[in-house]
Amino acid sequence: MSNNRDDGNDSGERRARRKYDEEFKRDAMKMIDNGQTVRSVAQSLGVGENLLHKWKSVRQSRANGLEQEVIELRARARQLELERDILKKALGIFSREK
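Given the structure is predicted, the values throughout are model-derived calculations rather than measurements.

*Asks:* Looking at this structure, how should I read the pattern of salt bridges?
*Replies:* A side chain with one charge can pair with a side chain of the opposite charge if their charged atoms come near. Under the criterion given, the structure shown has four salt bridges. Among the salt bridges present, the one from Arg-59 reaches Asp-33, with a minimum N-O distance of 2.7 Å. Of this pair, Arg-59 sits in helix α3 (residues 49-62) while Asp-33 is found in helix α1 (residues 22-33), placing the two residues 26 residues apart along the sequence. Note that Arg-84 is salt-bridged to Asp-85, the shortest N-O span being 3.0 Å. Under the relative-accessibility criterion, Arg-84 is labelled partly exposed at 42%. Judged by relative accessible area, which is 32%, Asp-85 ranks as partly exposed.

What follows is the structure in structure tokens.
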């Protein structure tokens, strides 16, 4: 009977967990807050999407009521700006058709 477990790692070594400092995490969250997708931030920083989602949920659970409201209002403002930009483009397209 063998004591080796099959963990999917052919080299037999475990991957070391990387530690990220608070500044790195804050910068990653700012990128997401500024409208970048979690996927694009994960790719540009070389971290997993799941890790960014975890940091995001931890941050939201720590935020007090006012901080949470600010986060939600900023997200809503980004959404409204996107909708406004779409409507501006549509207006430009439809006004040229006359």
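From this point on, the discussion continues.
*Asks:* I tried to follow the packing of α1 against α3 on my own but got confused; where do I start?
*Replies:* When two helices pack together, their arrangement is given by the angle between the helix axes and the distance between those axes. It is the contact of α1 with α3, at a shortest axis distance of 10 Å, that shows an interaxial angle of 90 degrees. Our classification of the angle between α1 and α3 gives roughly perpendicular. Taken together, the residues of α3 that come into contact with α1 (itself represented by Phe-24, Lys-25, Ala-28, Met-29, Ile-32 and Asp-33) are Leu-52, Trp-55, Lys-56 and Arg-59. Among the residues forming the contact of α1 with α3, the class breakdown is six nonpolar, no polar and four charged.

*Asks:* Looking at this structure, how should I read α1?
*Replies:* For an α-helix, 3.6 residues make a turn, and residues three or four places apart therefore share a direction. Look at α1: 16 Å from first C-alpha to last across 12 residues, which is about the 16 Å you get at 1.5 Å a residue. Of the residues one or two after α1, Gly-35 is the one with positive phi, at around 105 degrees.

Reading the values: rules and limits
- Residues numbered from 1 in each chain as written.
- Predicted model: local features only at pLDDT ≥ 70, side-chain atom pairs only at ≥ 80, totals over all residues.
- Heavy atoms only, no water.
- Salt bridge = Lys/Arg side-chain N within 4 Å of Asp/Glu carboxyl O.
- Helix = DSSP H or I, 4+ residues; strand = E, 2+ residues; numbered from the N terminus.
- Buried < 20%, exposed > 50% of the residue type's maximum accessible area, 1.4 Å probe, protein only.
- Axes fitted to C-alpha atoms, helices over the stretch in contact; angles between N-to-C directions.
- Parallel < 35°, antiparallel > 145°, perpendicular 65-115°, else oblique.
- Contact = heavy atoms within 4.5 Å.
- Nonpolar A, V, L, I, M, F, W, Y, C, P; charged D, E, K, R; others polar.
- Expected span 1.5 Å × (residues − 1).

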